[in-house]
Amino acid sequence: MKEGCIFCKIVQGEISAEMIYEDDKSIVFKDINPQAPVHLLVVPKTHIEASTDGFTSYDAELLGSLFFAAEKAAEISGVKNTGFRLIINTGPDSGQEVPHLHIHLLGGKKLGRLVGD
Ligand code: 5GP
Ligand code: ZN
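Residues numbered from 1 in each chain as written. Chains lettered and ligands numbered in written order. Predicted model: local features only at pLDDT ≥ 70, side-chain atom pairs only at ≥ 80, totals over all residues. Heavy atoms only, no water.

Draft legend 1. Up close: the sheet that holds strand E1 (residues 19-22). Spatially, E1-E2-E3-E5-E4 is the arrangement adopted by the five strands of the open sheet, whose pairing is antiparallel. At either margin of the open sheet sits one strand with a lone partner, and together these are E1 and strand E4 (84-87). The mean angle between the axes of side-by-side strands here comes to 20 degrees, regardless of whether they run parallel or antiparallel. Examined bridge by bridge, strand E2 (residues 26-30) and strand E3 (residues 38-44) share five bridges and lie antiparallel to one another. By the bridge assignment, Val28 is partnered in E3 with Val42. (Pairing = 2+ DSSP bridges. Helix = DSSP H or I, 4+ residues; strand = E, 2+ residues; numbered from the N terminus. Axes fitted to C-alpha atoms, helices over the stretch in contact; angles between N-to-C directions.)

Draft legend 2. Summary view of the layout of surface pockets. Counted as a void, the largest pocket has a volume near 910 Å³. As for the largest pocket, its lining consists of 35 residues, of which Asp31, Asn33, Gln35, His39 and His104 are closest to the centre. With three residues, helix H1 (residues 6-11) is the largest single contributor of residues to the lining of the largest pocket. Of the residues in the lining of the largest pocket, the class split is 15 nonpolar, twelve polar and eight charged. (1 Å grid on protein atoms, 1.4 Å probe; cavity = no way out; pocket = protein on both sides within 12 Å on 5 of 7 lines; lining within 4 Å. Points joined across faces, edges and corners; volume = space filled by probe spheres on them. Nonpolar A, V, L, I, M, F, W, Y, C, P; charged D, E, K, R; others polar.)

Draft legend 3. The arrangement of the site of ligand 1 in detail. Lining the immediate environment of ligand 1, one finds 16 residues, of which Asp31, Glu97, Val98, His102 and His104 sit closest. Contacts to ligand 1 include Glu97, whose backbone N or O atom sits 2.7 Å from an oxygen atom. One of the side-chain N or O atoms of His104 is found 2.8 Å from an oxygen atom in ligand 1. Against a free-state accessible area of 520 Å², the protein chains account for coverage of 85% of ligand 1. The biggest single contributor to the shell around ligand 1 is H1, with three residues. (Near = heavy atom within 4 Å. Polar contact = N/O pair within 3.5 Å; in protein donor to acceptor, adjacent residues only side chain to side chain. Areas by Shrake-Rupley, 256 points an atom, 1.4 Å probe, with all protein chains shown as cover.)

Draft legend 4. Quick peek at the pairing of E3. For E3, the tally of buried residues reaches seven of seven residues, placing the bulk of the element in the interior. Pairing analysis gives five bridges linking E3 to strand E5 (residues 103-107), with the strands arranged antiparallel. In the sheet register, Leu41 faces E5, and the bridge partner there is His104. (Buried < 20%, exposed > 50% of the residue type's maximum accessible area, 1.4 Å probe, protein only.)

Draft legend 5. The pairing of E2, seen in detail. In terms of residue burial, E2 counts as a mostly covered element, since four of its five residues are buried. In the sheet, E1 pairs with E2 via three bridges, with the strands oriented antiparallel. Residue Glu22 lies in a different strand from E2, and its bridge partner there is Ile27. Here E1 hands over to E2 after three residues, the two strands then running antiparallel side by side.

Rendered as structure tokens:
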């Protein structure tokens, strides 16, 4: 856990969030500022800063579990069959705001262009 990290606080229950799915390694909750009818955040329970820090082989299992959690959350949210998009913002050019690694899961409508302006 990292002091002052919003997502670590959500993992620990210090800040509430609308939970969709949880397992031993990950949580999935609704984004507070949704950009699509379904906009979820898939978050590892441990604080991984951002993929620019470089992943270790230890992280491989955890990273795999995030995609498993994303698929579960897509199923629970009803977008598994209609389709969805997963996005990981990394570093300044991506506009990343929260430095705790997370995957955005977006769906529930036909999504626009992959890359914004
Ligand atoms: P980033 O820009 O870092 O990829 O995405 C961070 C996301 O976290 C944003 O979409 C933002 O709306 C969401 N977010 C920031 N603070 C909170 C919070 O306290 N609760 C929830 N549920 N989402 C948050
Ligand atoms: Zn954190």
